[in-house]
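# Chains, contacts and geometry: an overview
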Amino acid sequence: EANPLPVENEAPLTINLAADGQIFLQKTPIDYDELARRLPAIAAEREDGRVFLRADAALDYGSVALVMGLLNKTGFNSIALVTDAVAPTLVEEQ
């Protein structure tokens, strides 16, 4: 009988929100309604309630909060917001 993988070996669940509003579950495009249908089953299969959420800076807060609320409602109680470090743009003086 196979034992489930320990939490530390479980691939992290990632949700990406693109600037155009497209949602990605891992690397797969998915719409909000389908995400809402699939998350409870995913949460039930996982040992770890963590999820990594990356959202494009161009999105409004409401769009991000909507997905965060869905994650929380479906059992993902630890949401890590992932940011990309962006180097400041240097402006040369003329």
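A brief structural summary. (Residues numbered from 1 in each chain as written. Predicted model: local features only at pLDDT ≥ 70, side-chain atom pairs only at ≥ 80, totals over all residues. Heavy atoms only, no water.)

### A closer look at the packing of helix α1 (residues 32–45) against helix α2 (residues 61–73)
What counts here: Note on method: axes are straight lines fitted to C-alpha atoms, helices fitted across the in-contact stretch only, with angles between N-to-C directions ranging 0 to 180 degrees. Runs of E in the DSSP output that reach at least two residues are strands. Runs of H or I that reach at least four are helices, and both are numbered from the N terminus. Put simply, angles under 35 degrees are roughly parallel, angles over 145 are roughly antiparallel, angles from 65 to 115 are roughly perpendicular, and the rest are oblique. Note: crossing handedness is left-handed where the near helix turns anticlockwise from the far helix by less than a right angle, and right-handed where it turns clockwise. Two residues qualify as a contact provided that any one of their heavy atoms is within 4.5 Å of a heavy atom in the partner residue.
The geometry of α1 relative to α2 is characterised by a closest axis approach of 10 Å and an angle of 20° between their N-to-C directions. When the interaxial angle is binned, α1 and α2 end up roughly parallel. Along this stretch, α1 crosses α2, giving a crossing that reads as right-handed. Facing α1, whose interface residues are Tyr-32, Leu-35, Ala-36 and Leu-39, α2 presents Leu-66, Val-67, Leu-70 and Leu-71.

### Concerning the pattern of salt bridges
Test applied: Whenever a carboxyl oxygen of Asp or Glu lies within 4 Å of a side-chain nitrogen of Lys or Arg, that contact is scored as a salt bridge.
Summed over the entire model, instances satisfying the criterion amount to two salt bridges. Residues Arg-37 and Glu-34 are paired through a salt bridge, measuring 2.9 Å at the closest nitrogen-oxygen approach. Taken as a pair, Arg-37 and Glu-34 lie in helix α1 at a separation of three residues, close to a single helical turn. In this structure, the salt-bridge partner of Arg-50 is Asp-48, at a minimum N-O distance of 2.7 Å.

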